[in-house]
Amino acid sequence: MMQSSILQMLRERPGDFVSGEAMCNALGVSRTAIWKHIKDLQDTGYQIEAVRNKGYRLLSAPDLVTAAEIRDGLTTTLFGQSIVFRPTIDSTNNLAQELANNGALEGTLVIADEQEQGRGRRGRNWYSPPRSGVWMSLILRPQLPLAHAPQITLVTAIALAKALTRLTGERAGIKWPNDILFGKKKCCGILTEMSAEFDQIHHLVVGIGINVNVAQADFPKEIQDIATSLRAVKGATLPRAKVVQTVLEELEPLYRQYVENGGFGTLREDWKQMNITLGKEIVAHTAQGTIRGRALDIDEFGVLLVEDQSGEQKKIYSADIMF
Ligand code: BT5
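Owing to the predicted nature of the structure, the values given are computational and were not obtained by experimental measurement.

So, how was this worked out
Positions within a chain are numbered from 1, following the residues in the order the chain's sequence is written. With pLDDT at 70 or above as the cut-off, local features in this predicted model cover only qualifying residues; side-chain atom pairs require 80 or more to be listed or tallied, and sums for whole chains, interfaces and linings still use all residues. Each residue gets a C-beta atom placed from its backbone. Should that atom fall within 6 Å of a molecule or strand, the residue is termed near it. Charged residues are taken to be Asp, Glu, Lys and Arg, nonpolar residues to be Ala, Val, Leu, Ile, Met, Phe, Trp, Tyr, Cys and Pro, and polar residues to be all remaining types, Gly included. Take the buried Ala, Val, Leu, Ile, Met, Phe, Trp, Tyr and Cys residues, join any whose C-beta atoms are within 7 Å, and the set you get is a nonpolar core. Put simply, a residue is buried when 20 or more other C-beta atoms lie within 10 Å of its own C-beta and exposed when 12 or fewer do; between those, it is partly exposed, and each C-beta is set from the backbone. Runs of H or I in DSSP of at least four residues are treated as helices and runs of E of at least two as strands, each being numbered from the N terminus. Here the bounds of each domain stem from an automatic or database domain assignment. Strands qualify as paired when DSSP identifies two bridges or more between them. Every axis in this analysis is a line fitted to C-alpha atoms, fitted for helices over the stretch in contact. Angles between the N-to-C directions lie between 0 and 180 degrees. Contact criterion: two residues are in contact if their C-beta atoms, reconstructed from the backbone, are within 7 Å. UniProt positions are given in the numbering used here, feature names are shortened, and annotations may be inferred rather than shown by experiment.

## Remarks on the site of the ligand
The environment of the ligand is formed by 28 residues, the closest being Ser91, Gly120, Gly189, Gly207 and Gly209. Of the residues contributing to the shell around the ligand, the split by class is nine nonpolar, 14 polar and five charged.

Written out as structure tokens, the structure is:
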């Protein structure tokens, strides 16, 4: 907390010195304490100039997703009030599950610079290279029946499509259920995992992976042609903390609306606006087999309605789809 307050003070005066005394007064701690925090910030890559009788000046900030960076300027009141950052981790979903099992509060965010075993759905891998993406998991505790759990992925997808559109100026679209694409290329995926008791959701972990500054040439061969990054779309790098803030700020009001209304129904129109699935000829691989046809609509539970080749309407609850 102290570090983010110091950063905030430095950033409020770009190019100028902030005196040690002003910091002491504003934060109610000693000069030595301020100095220690400045040292820590320097150790994590901030270039801060210290001049006797003048104070401290921020020269440059690295692209970090530490708690201090994410908190600086974050306007949410629930999401990200508690942030756990790791430089390297197996999967942020794993740590989030563990924290949730130990009582972590709703809105707790786990984020890492790099994942060594980033996961997709059904045991697939999620490529999560160091310092160039947002790999994060949010702990949620909605008081809703078990059957509603998959809808959280859809709610998250709306927020992500909005956030990524805002950040790049290009239209991001939702491919049902958990992909965000620019054109035909995937920039972001969602992995929702849950813990439930009887018919009640205990907690949900919503894992979000966003390729922010990944260079196109750095994607592994298998996904070169199907993956993209915000950087490629925008033609410029973006500060990752800003991406995190934008996503949390889009998601929090939608999540509140979702919980207050007890379901997906009122968000269905928002979803439709951001989707690029409906109207397309699709192939859906479900646990029960493959369905080919036209994606017609999504119902108030988030179920995809498809007209198959014989003209029959099918409900798809869970699948990998292609178009
Ligand atoms: C997903 O699965 O799209 C869910 C991705 C969730 C990742 C986040 S990161 C934070 C949290 N912690 C985790 O361990 N996971 C979550 P799925 O729909 O199954 O898509 C997986 C497929 O996407 C792979 O089989 C690849 O084809 C492709 N893929 C893998 N890495 C990618 C990347 N970085 N960008 C785009 N596509 C990728």
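## Observations regarding the nonpolar core
Buried together is how nonpolar side chains tend to be arranged in soluble globular proteins. Among the nonpolar cores identified, the biggest contains 70 residues, and Leu160, Ile180 and Val244 are the most heavily contacted of them. With ten residues, the top contributor of residues to this core is helix H6 (residues 149-168). Residue assignment places this core across two domains, with domain 2 (67-274) and domain 3 (281-322) each supplying three or more. In terms of nonpolar packing, the next biggest core, distinct from the first, is built from twelve residues, Leu7, Ile34, Leu41 and Leu58 among them.

## Description of the sheet that holds strand S11 (residues 289-298)
Strand order in the open sheet made by the five strands is S13-S12-S11-S10-S14, with antiparallel pairing throughout. Looking at which strands have only one partner, the edges of the open sheet turn out to be strand S13 (313-316) and strand S14 (320-322). Along the sheet, successive strands turn relative to each other by an average axial angle of 45°, direction set aside. Across four bridges, the pairing between strand S12 (residues 304-308) and S13 is antiparallel.

## Considering the environment of Asp63
Relative to the assigned elements, Asp63 resides in the loop between strand S2 (55-60) and helix H4 (67-71). Separated by 175 residues in sequence, Asp63 and Leu238 have C-alpha atoms that sit 8.6 Å apart. Each residue touching Asp63, except ones within four places of it in the same chain, is listed here: Arg131, Pro239 and Arg240.

## Some thoughts on the domain arrangement of the chain
By a widely used convention, the size of an interface equals the accessible area lost when the partners come together. Parsing the chain into structural domains produces domain 1 (2-60), domain 2 (67-274) and domain 3 (281-322). The gap between the C-alpha centroids of domain 2 and domain 3 is 24 Å. At the interface, eleven residues of domain 2 touch seven residues of domain 3. When contributions to the side of domain 2 that touches domain 3 are tallied by element, the ones reaching two or more residues are H6 and helix H9 (268-274). When grouped by side-chain class, the residues that make up the side of domain 2 that touches domain 3 number five nonpolar, three polar and three charged.

## Notes on the UniProt feature "binding site: biotin" (unreviewed entry) in the chain
Per the UniProt record, "binding site: biotin" (unreviewed entry) is annotated on Ser91, Thr92, Asn93, Gln115, Arg119, Gly120, Arg121 and Lys186. Structurally, Thr92 can be placed in helix H5 (residues 92-101). Leave out the neighbours within four places in its chain, and Thr92 touches Val110, Ile111, Ala112, Gln115, Trp135, Met136, Ser137 and Gly207. Structurally, Gln115 is set in strand S4 (residues 109-115). Not counting residues within four places of it along the chain, the set of residues in contact with Gln115 comprises Ile89, Asp90, Ser91, Thr92, Ser128 and Trp135.

## Considerations on unusual backbone geometry
For the bond running from Trp176 to Pro177, omega is -5°, close enough to zero to count as cis. By secondary structure assignment, the location of Pro177 is in the loop between strand S6 (173-175) and strand S7 (179-182). With a phi angle near 70°, Asn53 is a residue other than glycine that sits in the positive phi range. Within the fold, Asn53 resides in the loop between strand S1 (47-51) and S2. The exposure class assigned to Asn53 is exposed, which follows from the 7 C-beta atoms found within 10 Å. If you check the backbone angles, Arg122 has positive phi at about 45° while not being a glycine.

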